[in-house]
Amino acid sequence: LGGLAVSTAYLGDLEAALEYPRQALKIDPDNAELYNLLGVLQMAKASSLERMNEAETSFKRAVSLDSGYATSHMNLTRLYVSMKKPELAIKQYKAVIEIQPESLVAHAGLARAYLYSGSLDKATEEAAKTVEISPQEPVSHHILGAMYKYKGQLDKTLEEFQKASQLERNSAHAYNNIRHV
């Protein structure tokens, strides 16, 4: 039923897509993946606070059924970021990192959430972890460079953007970052 829900949503009928996981949950009410899917569909349809709250409830139920299900935690982070609740996103990013300590996406997201919450030192710390985890990944250097830029450390900013440029073989994105230092 999950595949049908995704296909139906892809075709643009989110209301009909929502019925598939709802029906499946009647048969298997303790299925974290179904609650996660329901939350994803609710979030896609979230044009109101009520829909966002429904998605939050579904993701939280998925997490309560399987606290090791990183996908539900990550979906909660996306929801909290869209709701402009960085403190709640931080909590969920930390949960993902407990489950997947080497998750570049989780560390990068945590850095951004700290930045949005005003914790620039913590944001920079997390951005540095992305470089530790994936030193050959240009995005890690872009993220760390951006944090240094926010801190006014332009020499370090330039150094990180240059590393990203070398890794990306002088891409336009890296060039633009360097140009704006």
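Structure's up top.
First, a word on scope: everything that follows refers to the structure included in this document. Each residue is numbered by its place in its chain's sequence as written, counting from 1. Whole-chain, interface and lining totals are the exception, using all residues; otherwise, since this is a predicted model, local features are given only for residues with pLDDT of at least 70 and side-chain atom pairs are given and counted only at 80 or more. The basis for every side-chain value is the complete set of heavy atoms in the structure, and neither hydrogens nor water enter the calculation.

### So, the pattern of salt bridges
So, point 1. Any carboxyl oxygen of Asp or Glu within 4 Å of a side-chain nitrogen of Lys or Arg constitutes a salt bridge here. By the definition in use, this model includes eight salt bridges.
So, point 2. Close ionic contact of Asp30 with Arg61 constitutes a salt bridge, the shortest N to O distance being 3.3 Å. On the criterion of sequence distance, the pair formed by Asp30 in the loop between α2 (14-27) and α3 (32-44) and Arg61 in helix α4 (residues 49-65) is long-range, its members being 31 residues apart.
So, point 3. For each residue, the accessible area found with a 1.4 Å probe, counting protein chains only, is set against the maximum for its type, and the residue is called buried under 20%, exposed over 50%, and partly exposed in between. We classify Asp30 as exposed; its relative accessible area is 53%.
So, point 4. A relative accessible area of 31% means that Arg61 is categorised as partly exposed. Comment: elements are numbered from the N terminus, with helices defined as DSSP H or I runs of at least four residues and strands as E runs of at least two.

### Examining the packing of helix α9 (residues 138-151) against helix α10 (residues 154-167)
So, point 1. The geometry of α9 relative to α10 is characterised by a closest axis approach of 8 Å and an angle of 165° between their N-to-C directions. Classed by the angle they form, the pair α9 and α10 counts as roughly antiparallel. Judged by the sense of rotation from one axis to the other, the crossing of α9 with α10 is left-handed. Seen from α9, the contacting residues are Pro138, His141, His142, Leu144, Gly145, Ala146, Tyr148 and Lys149; seen from α10, they are Leu154, Lys156, Thr157, Glu160, Phe161, Lys163, Ala164 and Leu167.
So, point 2. The residue makeup of the contact of α9 with α10, split by class, is eight nonpolar, four polar and four charged. Only the stretch in contact is used when fitting a helix axis, every axis being a line fitted to C-alpha atoms; angles between N-to-C directions are given from 0 to 180 degrees. Small angles under 35 degrees read as roughly parallel and large ones over 145 as roughly antiparallel, with 65 to 115 read as roughly perpendicular and the rest as oblique. By convention, the crossing between two helices is left-handed when the near helix turns anticlockwise from the far helix through less than a right angle, and right-handed when the turn is clockwise. Two residues form a contact once any of their heavy atoms are found within 4.5 Å. By the convention adopted, Pro, Cys, Tyr, Trp, Phe, Met, Ile, Leu, Val and Ala count as nonpolar, Lys, Arg, Asp and Glu as charged, and the other residues, Gly among them, as polar.

### A word on the side chain of Thr77
So, point 1. Inspection of the secondary structure assignment puts Thr77 in helix α5 (residues 70-82).
So, point 2. Residue classification places Thr77 among the buried residues on the basis of a relative accessible area of 0%.

### Observations regarding unusual backbone geometry
So, point 1. Unusually for a residue other than glycine, Lys84 sits at a positive phi of about 60°.
So, point 2. Owing to a relative accessible area of 70%, Lys84 belongs among the exposed residues under this scheme.

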